[in-house]
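Per-entry structural report
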Amino acid sequence: METEQTSQARTVTTGGSTVQEWTRELAESTGSPGGGAGAGLMLAIAASLTSMVAGYTEAQEQEQEQAEPAHESPVDTIRSRARALRETALRLADADADASNAFGAAFRLGKGEERTRAIREASLAAARSSADLGRRAIEAIDDLAWLAEHGNPALISDVVVGLGALRAALAGARTNVSFDLGSLRSTGLTLPEIHDAEPELWSAVGDLDRALARIDALTARSDGRAAPTDAAGQP
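Residues numbered from 1 in each chain as written. Predicted model: local features only at pLDDT ≥ 70, side-chain atom pairs only at ≥ 80, totals over all residues. Heavy atoms only, no water.

Topic: the overall build of the protein
Helices and strands together make up the secondary structure of the protein, namely nine helices and zero strands. In the protein, the succession of helices and strands from N to C terminus is α-α-α-α-α-α-α-α-α. When each of the 235 residues of the protein is scored for burial, the buried share is 41%. Considering only contacts within the protein whose residues lie at least 6 apart along the sequence, 76% involve residues at least 24 apart. (Helix = DSSP H or I, 4+ residues; strand = E, 2+ residues; numbered from the N terminus. Buried < 20%, exposed > 50% of the residue type's maximum accessible area, 1.4 Å probe, protein only. Contact = heavy atoms within 4.5 Å.)

Written as structure tokens, this is what we have:
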């Protein structure tokens with residue numbers, strides 16, 4: 001939930017602004033929105049492409065069913081999940097922008113107990129925000145993987161672009177969780193102590209690393225169909 005301060009400070013929102021307005025704000029040296037919000041936007045792009053490809057796949061299946069017996073397909077469920085994820089991702093992007101505001105404000109405080117407490121709270125809030133975004137991105141992999149194998153083949157390049165956007169979201173979430181945990185060293189903790197104090201957030205970094213490896217493998221398997229000129233070699 002936004003505080004009055006962050007609501008007044010941030011006039012541009014991911015879900016309520018134009019692309020022009022949002023990217024102009026991103027280009028400013030304010031940190032809000034920043035890389036974490038950008039990861040949220042990339043997740044929304046991946047979800048949008050998933051929905052689009054699922055829609056084309058559904059249309060293709062409907063044409064086939066005119067000559068074949070009806071069969072159950074997960075494509076409707078995939079499209080519904082993707083549409084919901086797009087909305088969620090935009091909200092997560094704005095949540096990260098708010099967390100970024102609090103993070104920066106904590107480090108601007110004068111040295112003392114209040115600053116230490118504020119840094120600890122802001123770092124953990126930012127890490128949890130990025131971990132939530134990363135978890136949603138991990139859950140989205142299966143749907144793009146299904147579309148890569150079973151989706152309308154004319155849309156395979158869109159699937160690969162979606163995988164790229166999803167990879168950017170995962171990479172952003174992974175790096176931000178790790179960075180935010182590392183920021184707790186400013187409160188006097190060592191990395192082993194942070195590991196022991198926040199095992200779930202620490203393990204989230206490993207989960208995101210494994211998800212990135214899976215995305216890379218999926219992209220490699222799909223790239224031959226999406227970019228056939230590579231197989232012919234260069235002149």
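Moving on from the model shown.
A closer look at the packing of aromatic side chains
According to the stated counting rule, one finds two aromatic pairs in the structure shown. With a centroid separation of 5.0 Å and 50° between ring planes, the pair formed by Phe 103 and Phe 107 is classed as tilted. With Phe 103 and Phe 107 both in helix α4 (residues 75–107) and four residues apart, the pair spans about one turn of that helix. Phe 103 gets classed as buried once you look at its relative accessible area, which sits at 16%. A centroid spacing of 6.3 Å and a plane angle of 50° characterise the contact between Phe 103 and Phe 179, whose relative ring orientation is tilted. You can see Phe 103 sitting in helix α4 and its partner Phe 179 sitting in helix α6 (residues 156–182), a full 76 residues away along the chain. Aromatic rings pair up to connect Phe 103, Phe 107 and Phe 179 into one cluster. (Phe/Tyr/Trp six-rings, centres within 6.5 Å; stacked < 30°, edge-to-face > 60°.)

Overview of the nonpolar core
The tendency in soluble globular proteins is for nonpolar side chains to be buried side by side. In this structure, Leu 43, Leu 133, Ile 141, Val 159, Leu 166 and Leu 170 are the most contacted members of the largest nonpolar core, which totals 35 residues. At the level of secondary structure, the elements contributing two or more residues to this core comprise α3 (35–65), α4, α5 (113–150), α6 and α8 (199–226). Those residues in contact with Ile 141 that sit more than four places away from it in its chain are Leu 166, Leu 170, Ala 211, Arg 214, Ile 215 and Leu 218. Ranked by size, the runner-up nonpolar core spans ten residues in total, among them Ala 127, Leu 181, Leu 184 and Leu 201. (Core = buried A, V, L, I, M, F, W, Y, C linked by side-chain atoms within 4.5 Å.)

Let's talk about the environment of Ser 80
In this fold, Ser 80 is placed in helix α4. Distance from Ser 80 to Ala 54, taken between C-alpha atoms, is 9.3 Å for residues 26 residues apart in sequence.

Some details on the packing of α5 against α6
Between α5 and α6, the shortest axis-to-axis distance is 8 Å and the interhelical angle comes to 160°. Classified by the angle between their axes, α5 and α6 sit roughly antiparallel to one another. Between α5 and α6 lies a crossing whose hand is left-handed. Within the contact of α5 with α6, the residues separate by chemical class into 19 nonpolar, five polar and one charged. (Axes fitted to C-alpha atoms, helices over the stretch in contact; angles between N-to-C directions. Parallel < 35°, antiparallel > 145°, perpendicular 65-115°, else oblique. Left-handed = near helix turned anticlockwise from the far one by under 90°. Nonpolar A, V, L, I, M, F, W, Y, C, P; charged D, E, K, R; others polar.)

Some remarks on the confidence of the model for the protein
Per-residue pLDDT for the protein has a mean of 88; in total, 88% of the residues score no lower than 70. Residue range residues 1–9 is modelled with pLDDT below 50. Its contacts to residues more than four positions away, or to other chains, number five contacts. (pLDDT = per-residue confidence, 0-100.)

Quick word on the pattern of salt bridges
A complete count under the given rule lists nine salt bridges for this structure. Of the charged contacts, one joins Arg 81 and Asp 143 as a salt bridge, the two residues approaching to 2.6 Å between their closest N and O atoms. One end of the pair, Arg 81, is in helix α4; the other, Asp 143, is in helix α5, with 62 residues separating them in the sequence. A salt bridge links Asp 209 to Arg 174, with the shortest nitrogen-to-oxygen separation between them at 2.9 Å. (Salt bridge = Lys/Arg side-chain N within 4 Å of Asp/Glu carboxyl O.)

Quick word on the environment of Arg 120
By the element assignment, Arg 120 lies in helix α5. Not counting chain neighbours up to four residues away, the residues in contact with Arg 120 comprise Leu 184 and Thr 187.

As for α8
Taking 1.5 Å of rise per residue, the 28 residues of α8 would be expected to cover 40 Å, and the 40 Å separating its terminal C-alpha atoms lies within 8% of that figure. Those residues of α8 that fall on the buried side of the exposure criterion are Leu 201, Ala 204, Val 205, Leu 208, Ala 211, Leu 212, Ile 215, Leu 218 and Ser 222. Those residues of α8 that are buried are in contact with α5 and α6. (Expected span 1.5 Å × (residues − 1).)

Things to note about the side chain of Ser 129
Along the chain, Ser 129 falls in helix α5. With residues up to four places along the chain from it excluded, the contact list for Ser 129 reads Leu 92, Ala 95 and Asp 96.

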